[in-house]
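Residues per chain are reported as follows:
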Amino acid sequence: MLEQTLKTNIQKIETNIQKVCEKNSRDINDINLICVSKSVDDETTKQVVDQGIIHLAENRMEKLLEKKEFLKEEAHIKWHFIGNLQRRKVKTVINEIDYFHALDNVKLAAEIDKRAEKQIKCFVQVNVSGEESKQGVSPDSLSEFIDSLSVFENIAVVGLMTMAPYEASNEELHRIFSDLNRLKKAIEDKKLAYAPCKELSMGMSRDYEIAISEGATFVRVGSGFFDDDEKEVGTDEFI
Ligand SMILES: *Cc1c(COP(=O)(O)O)cnc(C)c1O
């Protein structure tokens, strides 16, 4: 893609993040901008890195491994896996990533624990909205699920992650993200060594500003980096 388009998009996103932080008295250093590079090729992903972005996310194992190989000189990159991870693929990818954003069942946790060569930073995915099509544990079963992870030495629950429904209104987005924040605080307050749960992975191109206003510490932005039309990135609404 055109380098200038990418530059402009990144500047727009970073300015929006700065604004929403100011408005909500958040420290900008607490916000980690992840570029979801799943829709672009190796070269474009490298352009993103050349622009100073350090967090990259992929949702397909093969693609993550391919890009990591392509960018192997760039040892400072933090790799995030945001997709559904099949158990049989865990051993191939789990030691190649820095964060896993979609932990939502005990069998997967057991496989990660078995294959990991170090503690893996995991986000537990929560289906806050209750949409049937969404991955994630239900808010009601979250506490029990977190308890069940205590036996796994190689799993560190660094935080919670959610995806909002595509058609959610701004009001619903606020509610979903503030619900996840409340669930996070409840786990954090337990002060579990294996589940410090200080982070919130929430917000995508459409809703990252609302997510930040509700406490996000990791935002996962994809199309906002790469769309080259005049469409506004994010919303103007971040009350
Ligand atoms: C694709 C994807 C994103 C990025 O979505 P955009 O709307 O392109 O910003 C974020 N999180 C997850 C889990 C995704 O699959």
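Residues numbered from 1 in each chain as written. Predicted model: local features only at pLDDT ≥ 70, side-chain atom pairs only at ≥ 80, totals over all residues. Heavy atoms only, no water.

### Regarding the site of the ligand
Under the convention used in this document: Here a residue is considered near a molecule or strand provided that any single heavy atom belonging to it is located within 4 Å of it. For the purposes of these results, a polar contact is taken to be a pair of N or O atoms within 3.5 Å, where, inside protein, one atom must be able to donate a hydrogen and its partner to accept one; residues adjacent in sequence count only when each atom of the pair is a side-chain atom. Here the accessible surface of atoms and residues is derived via Shrake-Rupley with a 1.4 Å probe, and residues count as covered only by protein chains that are part of the display. All amino acids are sorted into three groups, where Ala, Val, Leu, Ile, Met, Phe, Trp, Tyr, Cys and Pro are nonpolar, Asp, Glu, Lys and Arg are charged, and the leftover types, Gly among them, are polar.
Taken together, Val36, Lys38, Ile82, Met161, Met163, Met204, Ser205, Arg220, Val221, Gly222 and Ser223 form the complete shell of residues around the ligand. Between the ligand and the protein, one listed contact pairs an oxygen atom with a backbone N or O atom of Ser223 at 2.8 Å. Starting from 390 Å² of accessible surface for the ligand in isolation, the protein chains cover 85%. Taken together, the residues of the shell around the ligand break down into six nonpolar, three polar and two charged.

### Here we look at the side chain of Asp113
Filter applied, for reference: Secondary structure follows DSSP: runs of H or I at least 4 residues long count as helices, runs of E at least 2 residues long count as strands, and numbering of each begins at the N terminus. For every residue, the accessible area (1.4 Å probe, protein chains only) is compared with the maximum for its type, and the residue is labelled buried under 20%, exposed over 50%, or partly exposed between those bounds. As used throughout, the charge tally considers Lys and Arg to be positive and Asp and Glu to be negative, leaving His and the chain termini uncounted. Salt bridges are defined by distance alone: a side-chain nitrogen of Lys or Arg within 4 Å of a carboxyl oxygen of Asp or Glu. Whether two residues are in contact is decided by their heavy atoms, any of which lying within 4.5 Å being enough.
Residue position: Asp113 is located in helix H5 (residues 106-115). Although Asp113 is buried, it makes no salt bridge; Lys114 carries the closest opposite charge, 10.0 Å away. The contact partners of Asp113, leaving out residues within four places of it in the chain, are Phe152, Glu153, Asn154 and Ile155.

### Digging into the UniProt feature "domain: Alanine racemase N-terminal" (unreviewed entry) in the protein
The criterion, for reference: UniProt positions are given in the numbering used here, feature names are shortened, and annotations may be inferred rather than shown by experiment.
According to UniProt, the positions carrying the feature "domain: Alanine racemase N-terminal" (unreviewed entry) are residues 11-226. Along residues 11-226, the helical share is 38% and the strand share 18%, with 12 Å between the first and last C-alpha atoms.

### Some remarks on the packing of aromatic side chains
Selection rule: Any pair of Phe, Tyr and Trp rings, taking the six-membered ring for Trp, is counted once the centres come within 6.5 Å. Such a pair is stacked with planes under 30 degrees apart, edge-to-face with planes over 60 apart, and tilted for the rest. Think of it as a cone above the ring: NZ of Lys or CZ of Arg counts as a charge over the ring if it is within 6 Å of the ring centre and within 35 degrees of the ring normal.
A full pass over the atoms with the stated rule returns five aromatic pairs. Seen from their ring centres, Tyr99 and Phe123 are 6.2 Å apart, and the 35 degrees between their planes marks the pair as tilted. With Tyr99 in strand E4 (residues 99-103) and Phe123 in strand E5 (residues 120-125), the pair connects residues that are 24 residues apart, well separated along the chain. Ring centres 5.3 Å apart and planes at 55 degrees place the aromatic pair Tyr99 and Phe218 in the tilted group. Of the two residues, Tyr99 sits in strand E4 while Phe218 sits in strand E8 (residues 218-221), which places them 119 residues apart along the sequence. In this structure Phe218 comes out as buried when scored by relative accessible area, which is 2%. Three or more aromatic residues joined by ring pairs form one cluster here, namely Tyr99, Phe123 and Phe218. The ring of Tyr99 carries the charged tip of Lys121 above its face, separated from the ring centre by 5.4 Å. Note that Arg206 overlies the ring of Tyr166, its terminal NZ or CZ placed 4.8 Å from the centroid.

### Brief notes about unusual backbone geometry
In this structure, Ser25 is a non-glycine residue whose phi angle is positive, near 50 degrees. Note that Ser25 resides in the loop between helix H1 (3-23) and strand E1 (32-36). You can call Ser25 exposed: its relative accessible area is 70%. Positive phi, close to 50 degrees, is recorded for Cys197, a residue that is not glycine. Within the secondary structure, Cys197 is located in the loop between helix H7 (170-188) and strand E7 (199-201).

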